[in-house]
Amino acid sequence: MTIHQIHQLFLKSNGISTDTRKIEQNAIFFALKGENFDGNTYADRALELGAKYAVIDDKKHKTTDNHILVSNSLDTLQKLATYHRQYLDIPIIALTGSNGKTTTKELINCVLSSKFNTTATIGNLNNHIGVPLTLLSMSKDTQVGIVEMGANHQGEIELLCNITMPDYGFITNIGKAHLEGFGGLKGVLKGKTELYRHLKKNNKIVFLNLEDKKLVEASKDISTYTFSEFNTGNVCVKFIEANPNVTISFNDITIESNLIGAYNFSNIAAAITIGSYFDINKENIKKAIEGYTPKNNRSQIIQTAKHTIILDAYNANPSSMEAAIKNFEQLNASHKIVFLGDMFELGEEASVEHQKIASLINNTNTDNIYLIGSNFYKTSTTDIRIKKFESYDDFKSQFYLNSEKSTILIKGSRGMKLERILDLF
C-alpha cells in the first residue's frame, strides 16, 4: 500500500495511535518497536479495542485485511507525516535549542493563536516519533503549525527537518546540554544548527536573537527576521526586571509575564518577534503573554503560607542550572534555600560541571544549600551551609525544614524528580 493510499485512510480515521492503552475508536494503530517491546504483538489487541487499521512490519501478524503490512512501521509513520504536511501546505515554525524550547513554544502558540488556528507540539513530544505525531495532529483547520524539535545526537535535527519541512526556524540558545551525545559544546552548536542549514538550503527564514553571537555567526547568508535589546533588529524588546517575574517593554507598552528568571527574557522576546512577523497587534501580544502561566514543573512559582517556592525541576543542564542560580541570587528575599539535583547526560564532563555548580552556589548569599545525587555528592566543598546526599532517599530520610519564612529554589534533571520535595513541606 502506498503512502497516498494510507493517507486517504488516515483522512477518514480518528487519528493515529501508537499505544493500545490510549486507542480511540476508528484510529490507525502503528506498531512501533522499542528496546523492550514490539508493537506488532499488540496489533490484534488494537483492532479489538476499536482501531480501524493496524500498520505492522512483521508479516506473521498479518491475519486480516485491517492489518496493513509495510517494510518499516516507524519509517512509514514519518513518511505519512511528511505527506500530510505537504497536503496541508501551511506555514510551519520549527524550534530547537539547549534550554527553553518548550516554554518558548508555548509562548509562541499563545501569541499566534490570538489570530490564527494553531497546532503546536503537545508537551514534550519532540523526537523522531513525537514530531510525526504532532504533524499528523494538524488538520485543514490548522493555519499555522508550531513544532518543537529535541535532540541529543548529531543528525537528529536534520532528520526532523526532513520530516517537517519547516518554513521558519528559531534556536533558543546553545548551552551545555546533552554533552555526552553531541560530543561537547561545539557538537551541540553543530547539531542544533542543522535547523539553520536546512532552512538555508530551502530558502526559508530564521528568527534570530542578535545578542547571541554564536547564532548570529551560524546564520550568516540566511534570510533572517531579528530581535534585539541593544542592536538594530526588526523588533526591539527591552528588559525591565525579573523580581521574580520577567517584565519587558515593547513598542511603548509594558508586558508583565508570569515567568521567573532573566533567562526567560529571550524566550518572551522571541514570541513577541514571531507575533510581530505575523502581524499580530501589540495589545494582543501583551494579552497573550500575560495570560500564559508556566506548568509541568517549569519555572513555576508556588506560594504557601510560609514559603515562596520556585519549582524548576523539569530538567537541568550546566547552562540552565547556572542561569537559575544567578537569577535566584538577585532576588530580594530574607531567607533563601536551594535544592539542586544531579544533571544527566554530561558524559566525561559530569564531574567537572557538577563541581563548577557546587563552587558557584558556594559563592552566593544562600542560607541553606542541599545537593542531591551521586555526582553532586562527589563534589568538594567545606561550606557548612552545604549538605550533600548521595540519593533522594538519603536526603528524604534526613531532611527537616524549619518554620522560618523562606524563598526556595528547586532545580534538577528530570530523572531526579525533585518535585517530590514539595511533599516534604
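In the annotation of an unreviewed UniProt entry, the entry for the protein chain reads UDP-N-acetylmuramoyl-tripeptide--D-alanyl-D-alanine ligase, and the organism field reads Aquimarina algicola. Recorded in UniProt under Catalytic activity (unreviewed entry), the annotation for the protein chain is "D-alanyl-D-alanine + UDP-N-acetyl-alpha-D-muramoyl-L-alanyl-gamma-D-glutamyl-meso-2,6-diaminopimelate + ATP = UDP-N-acetyl-alpha-D-muramoyl-L-alanyl-gamma-D-glutamyl-meso-2,6-diaminopimeloyl-D-alanyl-D-alanine + ADP + phosphate + H(+)". According to the UniProt record, the Pathway (unreviewed entry) comment for the protein chain reads "Cell wall biogenesis; peptidoglycan biosynthesis."

A separate point is the overall build of the protein chain. Counting secondary structure elements, the protein chain contains 16 helices and 19 strands. A compact globule built from 425 residues should have a C-alpha radius of gyration of about 22 Å, and the protein chain, at 23 Å, falls within 12% of that. Overall size of the protein chain, expressed as C-alpha extent along the three principal axes, is 70 × 50 × 40 Å. Intrachain contacts of the protein chain at a sequence separation of at least 6 include 61% that bridge at least 24 residues. Split by element, the accessible area of the protein chain, about 19500 Å² in all, is 46% carbon and sulfur. Here the protein chain contributes 46 positive and 46 negative side-chain charges, whose respective centroids are spaced 1 Å apart.

Judged by side-chain charge, Glu 180, Glu 345, Glu 348 and Glu 349 come together as a negatively charged surface patch. Within the secondary structure, Glu 349 sits in the loop between strand 16 (336-341) and helix 14 (350-362). Among the residues examined, Glu 349 registers a relative accessible area of 37% and is labelled partly exposed.

The next subject is helix 12 (residues 282-290). Three or more residues of helix 12 are buried, namely Ile 285, Ala 288 and Ile 289. With its buried residues spanning 90 degrees around the axis, helix 12 presents them on a single face. Considering only its buried residues, helix 12 is in contact with helix 4 (101-112), strand 12 (245-250), strand 13 (253-260) and helix 11 (265-277). Sitting at the head of helix 12, Asn 281 places a side-chain oxygen 3.2 Å from the backbone nitrogen of Glu 283.

Okay, the environment of Tyr 370 next. Looking at the secondary structure, you find Tyr 370 in strand 17 (residues 368-372). For Tyr 370, a relative accessible area of 9% corresponds to the buried category. Along the primary structure Tyr 370 and Phe 344 are separated by 26 residues, whereas in three dimensions their C-alpha atoms are 18 Å apart. Among all residues touching Tyr 370, those that are not within four sequence positions of it are Ile 337, Val 338, Phe 339, Leu 340, Lys 387, Phe 389, Phe 395, Phe 399 and Tyr 400.

When its domains are assigned, the protein chain resolves into domain 1 (3-77), domain 2 (90-291) and domain 3 (300-424). Taking only C-alpha atoms, the centre of domain 1 and the centre of domain 2 are 33 Å apart. In this assembly, 6 residues from domain 1 lie in contact with 5 residues from domain 2. Approximately 500 Å² of surface area, both sides summed, lies buried where domain 1 meets domain 2, with 86% of it carried by carbon and sulfur atoms. Three residues stand out in domain 1 for area buried against domain 2, namely Phe 10, Leu 74 and Leu 77, and they jointly supply 66% of the buried area on that side. Connecting domain 1 to domain 2 are 0 salt bridges.

With respect to the element layout, Glu 390 can be found in the loop between strand 18 (386-389) and helix 16 (392-398). The exposure class assigned to Glu 390 is partly exposed, which follows from its relative accessible area of 43%. Spatially, the C-alpha atom of Glu 390 lies 30 Å from that of Ala 305, the residues being 85 residues apart in sequence. Those residues within four positions of Glu 390 in sequence are excluded, and the remaining contacts are Gly 373, Ser 374 and Tyr 377.

Attention now goes to the pattern of salt bridges. Side-chain pairs of opposite charge can arise where the charged atoms are in close proximity. In this structure the tally under the stated criterion is 15 salt bridges. Measuring nitrogen to oxygen at the nearest pair gives 2.9 Å for the salt bridge that ties Glu 290 to Lys 286. Linking Glu 290 with Lys 286, this pair stays in helix 12, spanning 4 residues, or about one helical turn. Classification of Lys 286 as partly exposed rests on a relative accessible area of 25%. Of the charged contacts in the structure, one is a salt bridge between Arg 414 and Glu 419, with a shortest N-O distance of 2.7 Å.

Before going further, it helps to spend a moment on the pairing of strand 5 (residues 92-96). Burial of strand 5 is extensive: 5 of the 5 residues sit out of reach of the surface. Here strand 5 shows no split at all, with Ile 92, Ala 94 and Thr 96 on one side and Ile 93 and Leu 95 on the other all buried. When strand 5 meets strand 7 (residues 144-148), the two strands line up parallel, connected through 4 bridges. Bridge pairing links Ile 93 to Ile 146 in strand 7.

By the element assignment, Asn 109 lies in helix 4. Ignoring sequence-local partners within four residues, the contact set of Asn 109 consists of Thr 118, Ala 120 and Ile 146.

This brings us to the packing of aromatic side chains. Tallied over the full model, the rule gives 19 aromatic pairs. An angle of 80 degrees between the planes, with centres 5.4 Å apart, marks the rings of Phe 207 and Tyr 277 as edge-to-face. Pair noted here: Phe 207 is in strand 9 (residues 205-209) and Tyr 277 is in helix 11, with a separation of 70 residues, a long-range link. With relative accessibility at 24%, the residue Tyr 277 sits in the partly exposed group. Members of the aromatic cluster, connected to one another through ring pairs, are Phe 116, Tyr 168, Phe 207, Tyr 225, Tyr 277 and Phe 278. Taking NZ or CZ as reference, Lys 336 lies 5.4 Å from the ring centre of Phe 328, over its face. Between Arg 420 and the ring centre of Tyr 392, over which it is positioned, the NZ or CZ distance is 3.9 Å.

Parameters and conventions
- Residues numbered from 1 in each chain as written.
- Predicted model: local features only at pLDDT ≥ 70, side-chain atom pairs only at ≥ 80, totals over all residues.
- Heavy atoms only, no water.
- UniProt positions renumbered as here; feature names shortened; annotations may be inferred.
- Helix = DSSP H or I, 4+ residues; strand = E, 2+ residues; numbered from the N terminus.
- Rg over C-alpha atoms; globule rule 2.2 N^0.38 Å.
- Contact = heavy atoms within 4.5 Å.
- Areas by Shrake-Rupley, 256 points an atom, 1.4 Å probe, with all protein chains shown as cover.
- Lys, Arg positive; Asp, Glu negative; His and termini not counted.
- Charge placed at Lys NZ, Arg CZ, Asp CG, Glu CD.
- Patch = residues over 30% accessible without salt bridge, like charges linked within 9 Å, V, L, I, M, F, W, Y side chains within 5 Å.
- Salt bridge = Lys/Arg side-chain N within 4 Å of Asp/Glu carboxyl O.
- Buried < 20%, exposed > 50% of the residue type's maximum accessible area, 1.4 Å probe, protein only.
- Arc of directions from axis to C-beta.
- Polar contact = N/O pair within 3.5 Å; in protein donor to acceptor, adjacent residues only side chain to side chain.
- Domains from an automatic or database assignment.
- Buried area = accessible area lost by both parts, 1.4 Å probe.
- Pairing = 2+ DSSP bridges.
- Phe/Tyr/Trp six-rings, centres within 6.5 Å; stacked < 30°, edge-to-face > 60°.
- Lys NZ or Arg CZ within 6 Å of the ring centre and 35° of its normal.

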